[in-house]
Amino acid sequence: VWMLLNCKNGISSWELHRAIGVTQKSAWFMLHRIRLAAQSKTFNKLGGEVEVDETFIGGKARFMHADKREEKIHGRGPEGKAIVAAVLERGGTVRTKVCGTRRKPELQAFVRENVETGSELFSDALKSYDGMENDFVHQVVDHAVQYVDGNIHTNGLENFWSLLKRSLKGTYVSVEPFHLFRYLDEQAYRYNNRNMKDLDRFVFAMRQIVGRRLTYRQLTGKVEATHEG
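Please read these numbers as outputs of a predicted model, since none were measured by experiment.

Enquirer: Mind showing me how you'd approach the pairing of strand β1 (residues 49-57) here?
Expert: Across a regular strand the side chains alternate sides, sitting on one face of the sheet and then on the other. Counting buried positions along β1 yields seven of nine residues, so the element is predominantly enclosed. Both β1 and strand β4 (residues 120-123) contribute to a ladder of three bridges, which runs parallel. By the bridge assignment for β4, E51 is matched with F122.

See below:
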């Protein structure tokens, strides 16, 4: 728990297997159970100044073996990649979700589920956010023109995406879409508790372990597992 939640870029199952002398398979299972403990459960919504943005997660074709590239990459751009959306309360916490699409119904439902009505909402010019001004003070920055317009920007989430992708690419290398939400939980936990000391971050996670169970059959898809484990 200490190693995973206090290492800025996480720790791979191979690193943990060498460090504590268990098999790589056991280390992989252990790390996913710790990620379950790191999940944030709260009914409180974000408020004040909130950024919303989305990104694509997926291996770059130039890093893939030719056979794997042919299997996974079809066409150009975001095709074949996972979509992750996030909302960030400036000076506060981030919440993430793996989305099936970038279309208006799914993205707007995610925002309304996590952000208090009447909050200031900052986004890029993606058309899927059109109409949010009915419930929020919605302000848009067009990234085709500029990335910052005074207080209107999504730089906080750009920073979070940078941390997330550094962890996925540098530490975990290959993450299956089936497990992606678990790695998002891990990164969000470290980010949301970034002002804690290492000991406090460790103790907080240990307290959250109680009552949370993840079996190997759930983890490997033999039985259905939800975001709550």
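Enquirer: Explain the confidence of the model for the protein here, please?
Expert: Interpretation of this model should avoid reading the predicted coordinates in detail wherever pLDDT is low. Looking at the protein as a whole, the pLDDT averages 88, with 87% of positions reaching at least 70. Note that pLDDT drops below 50 for residues 61-65; the model gives that stretch seven contacts with residues more than four away or on any other chain. Counting contacts from residues 72-76, a segment whose pLDDT is below 50, to residues more than four positions away or on other chains yields six contacts.

Enquirer: When you look at a nonpolar patch on the surface in this model, what are you seeing that I'm missing?
Expert: Together, W2, M3, I20 and L199 line one region of the surface with nonpolar side chains, adding up to about 370 Å² of accessible area. With respect to the helices and strands, L199 occurs in helix α8 (residues 198-209).

Enquirer: Explain the packing of aromatic side chains here, please?
Expert: Within a pair of aromatic rings, the relevant descriptors are the distance that separates the centres and the angle that separates the planes. Considering all chains together, one arrives at seven aromatic pairs under this definition. Note on W2 and F202: the rings are 5.6 Å apart at their centroids and 50 degrees apart in plane angle, and the pair reads as tilted. Of this pair, W2 sits in helix α1 (residues 2-6) while F202 sits in helix α8; the two residues are 200 residues apart in sequence, bridging distant segments of the chain. For F202, a relative accessible area of 24% translates into the label partly exposed. Between Y189 and F204 the ring centres are 6.1 Å apart and the planes differ by 20 degrees, which places this aromatic pair in the stacked class. Here Y189, found in helix α7 (residues 180-192), pairs with F204, found in helix α8; they are 15 residues apart in sequence, far enough to count as distant. Given the relative accessible area of 31%, F204 is considered partly exposed. One aromatic cluster is present, formed by W28, F29 and Y216 through successive ring pairs.

Enquirer: What exactly am I supposed to notice about the pattern of salt bridges here?
Expert: Two side chains that carry opposite charge are able to pair once their charged atoms sit near each other. Here the structure, examined in full by the defined rule, presents seven salt bridges. For E186, the salt bridge identified is with R35, shortest N-O distance 2.7 Å. Linking E186 in helix α7 with R35 in helix α3 (residues 24-37), this pair joins segments that are 151 residues apart in sequence. Relative accessible area serves as the criterion here: at 2%, R35 is assigned to the buried category. Salt bridges linked by common partners bring R35, E186 and R190 together as one network.

Enquirer: Just to check I follow, could you spell out the sheet that holds strand β3 (residues 94-99) for this structure?
Expert: Hydrogen bonding along the main chain pairs the strands of a sheet, whether they run parallel or antiparallel. Read across the open sheet, the five strands follow the order β3-β2-β1-β4-β5; overall the sheet is mixed. For this open sheet the edge positions go to β3 and β5 (137-140), each flanked by a neighbour on one side alone. When strand polarity is set aside, the average angle formed by the axes of neighbouring strands in this sheet is 20 degrees. Relative to strand β2 (residues 82-89), β1 runs antiparallel, the two sharing eight bridges. Each residue of the ladder has a partner; that of E54, found in β2, is A85. The strands touched by helix α5 (residues 104-114) within the sheet are β1, β2, β3 and β4, with β3 carrying the most contacts at an inclination of about 150 degrees. Strands in contact with α7 are β1, β2 and β3; relative to β3, the strand with the most contacts, it is inclined by about 170 degrees.

Enquirer: What am I meant to see in the packing of α3 against α7 here?
Expert: Helix-helix packing is described using two parameters, namely the angle between the two axes and the distance between the axes. Two numbers describe how α3 lies on α7: the axes approach to 9 Å, and their chain directions differ by 60 degrees. The angle between the axes of α3 and α7 places the two elements in the oblique class. In this structure, the crossing between α3 and α7 has a hand that is left-handed. Contacts between α3 and α7 involve W28, H32 and R35 from the former and R182, Y183, D185 and E186 from the latter. Its residues assigned to classes, the contact of α3 with α7 shows two nonpolar, one polar and four charged.

Rules used in this analysis
- Residues numbered from 1 in each chain as written.
- Predicted model: local features only at pLDDT ≥ 70, side-chain atom pairs only at ≥ 80, totals over all residues.
- Heavy atoms only, no water.
- Buried < 20%, exposed > 50% of the residue type's maximum accessible area, 1.4 Å probe, protein only.
- Helix = DSSP H or I, 4+ residues; strand = E, 2+ residues; numbered from the N terminus.
- Pairing = 2+ DSSP bridges.
- pLDDT = per-residue confidence, 0-100.
- Contact = heavy atoms within 4.5 Å.
- Patch = residues over 30% accessible without salt bridge, like charges linked within 9 Å, V, L, I, M, F, W, Y side chains within 5 Å.
- Areas by Shrake-Rupley, 256 points an atom, 1.4 Å probe, with all protein chains shown as cover.
- Salt bridge = Lys/Arg side-chain N within 4 Å of Asp/Glu carboxyl O.
- Phe/Tyr/Trp six-rings, centres within 6.5 Å; stacked < 30°, edge-to-face > 60°.
- Axes fitted to C-alpha atoms, helices over the stretch in contact; angles between N-to-C directions.
- Parallel < 35°, antiparallel > 145°, perpendicular 65-115°, else oblique.
- Left-handed = near helix turned anticlockwise from the far one by under 90°.
- Nonpolar A, V, L, I, M, F, W, Y, C, P; charged D, E, K, R; others polar.

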